[in-house]
Amino acid sequence: IAAGILYAIDRGADVINLSLGGPSGGEITSELQQMINLVQIAKNSNTIIVAAAGNGGSDGIGDCNDNSPVYPANIQEDNLISVASVDLYNNIAEYSNFGGSTVHIAAPGGDFSTGGLLSTGIPYCFGKCSASNTPYKESIGTSMATPVVAGLVAALKSKAPTKSYLAVIDAILNHGTYLSDHAGLTRSASVINLKKSMDSI
């Protein structure tokens, strides 16, 4: 993971999507410290890291990252956005991790009752695939919500390429759709809002 972050920075990436992660067991290992160091290096390159908050434990119910850190989402650097997932009705999804101090914002990630988000995936076929075996499939999780936020970062950077990472993150976190039900579940108590964020920068 650290090597991938460094590869992206070296090639001038404006945004790095990290739809991955897990608990550290309460220990900052040398591998985790290396990842933290590279998030800091990304900051020096004006690069924004977007990380999935996580999908809860084996019970499938979201956990609080304030109490049980998930990395890289819990890396406390101001160029990192930690993302929870909402369902079709903008409720924090049942499976999504949350945290009023450590998870920044929410974005659509699909849910079990209404379905997932359509994304590219390896088709389930051998040899030549038929029309029914398309390279797209529905997936659910904070790993689906995270690239939605990364896409918003890219759109903002495209509109305002000279803006700092702080200005771009401010446009996202302070110009989302505020939902009182999200208070205490994410720092911004908001779901991303592309129009409001684009208008603000």
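Our subject is the structure listed above.
Residues numbered from 1 in each chain as written. Predicted model: local features only at pLDDT ≥ 70, side-chain atom pairs only at ≥ 80, totals over all residues. Heavy atoms only, no water.

## Focus: the pairing of strand β3 (residues 48-52)
- Among the 5 residues in β3, 5 count as buried, and that is most of the element.
- Of the strand pairs in this sheet, β3 and strand β5 (residues 80-86) are connected by 4 bridges, and their pairing is parallel. Looking across to β5, one finds that V50 is bridged to I81. (Buried < 20%, exposed > 50% of the residue type's maximum accessible area, 1.4 Å probe, protein only. Helix = DSSP H or I, 4+ residues; strand = E, 2+ residues; numbered from the N terminus. Pairing = 2+ DSSP bridges.)

## A closer look at the packing of aromatic side chains
- Considering all chains together, one arrives at 1 aromatic pair under this definition.
- Seen in terms of ring centroids, Y95 and F112 are 5.8 Å apart; in terms of plane orientation they differ by 75°. Their pairing is edge-to-face. Taken together, the residues Y95 in the loop between β5 and β6 (105-108) and F112 in the loop between β6 and β7 (117-120) connect sequence positions 17 residues apart.
- The exposure class of Y95 is buried, given its relative accessible area of 4%.
- Assessed through its relative accessible area of 64%, F112 is described here as exposed.
- The ring centre of Y7 lies 3.7 Å from the NZ or CZ of R11, which sits over that ring. (Phe/Tyr/Trp six-rings, centres within 6.5 Å; stacked < 30°, edge-to-face > 60°. Lys NZ or Arg CZ within 6 Å of the ring centre and 35° of its normal.)

## Observations regarding the packing of helix α3 (residues 142-159) against helix α4 (residues 165-173)
- Contact geometry of α3 with α4 gives a least axis separation of 10 Å together with a crossing angle of 125°. Relative to α4, α3 is oriented oblique. With respect to the hand of their crossing, α3 and α4 are arranged in right-handed fashion. Contact residues: α3 offers L152, V153, L156 and K157, while α4 offers V168, A171 and I172.
- Partitioning the contact of α3 with α4 into residue classes produces 6 nonpolar, no polar and 1 charged. (Axes fitted to C-alpha atoms, helices over the stretch in contact; angles between N-to-C directions. Parallel < 35°, antiparallel > 145°, perpendicular 65-115°, else oblique. Left-handed = near helix turned anticlockwise from the far one by under 90°. Contact = heavy atoms within 4.5 Å. Nonpolar A, V, L, I, M, F, W, Y, C, P; charged D, E, K, R; others polar.)

## Some remarks on α3
- Taking 1.5 Å per residue, 18 residues should reach 26 Å; α3 reaches 26 Å between its end C-alpha atoms and fits that length.
- When α3 is considered as a whole, its buried residues turn out to be T142, M144, A145, T146, V149, A150, L152, V153, L156 and K157. (Expected span 1.5 Å × (residues − 1).)

## A look at the side chain of D87
- Considering the arrangement of structural elements, one finds D87 in the loop between β5 and β6.
- At 2.8 Å, the side chain of D87 forms a polar contact with the backbone nitrogen of Y89.
- Discounting chain neighbours no more than four positions away, the residues touching D87 are A93 and D111. (Polar contact = N/O pair within 3.5 Å; in protein donor to acceptor, adjacent residues only side chain to side chain.)

Treat this as a map of the structure, not an account of what it does.
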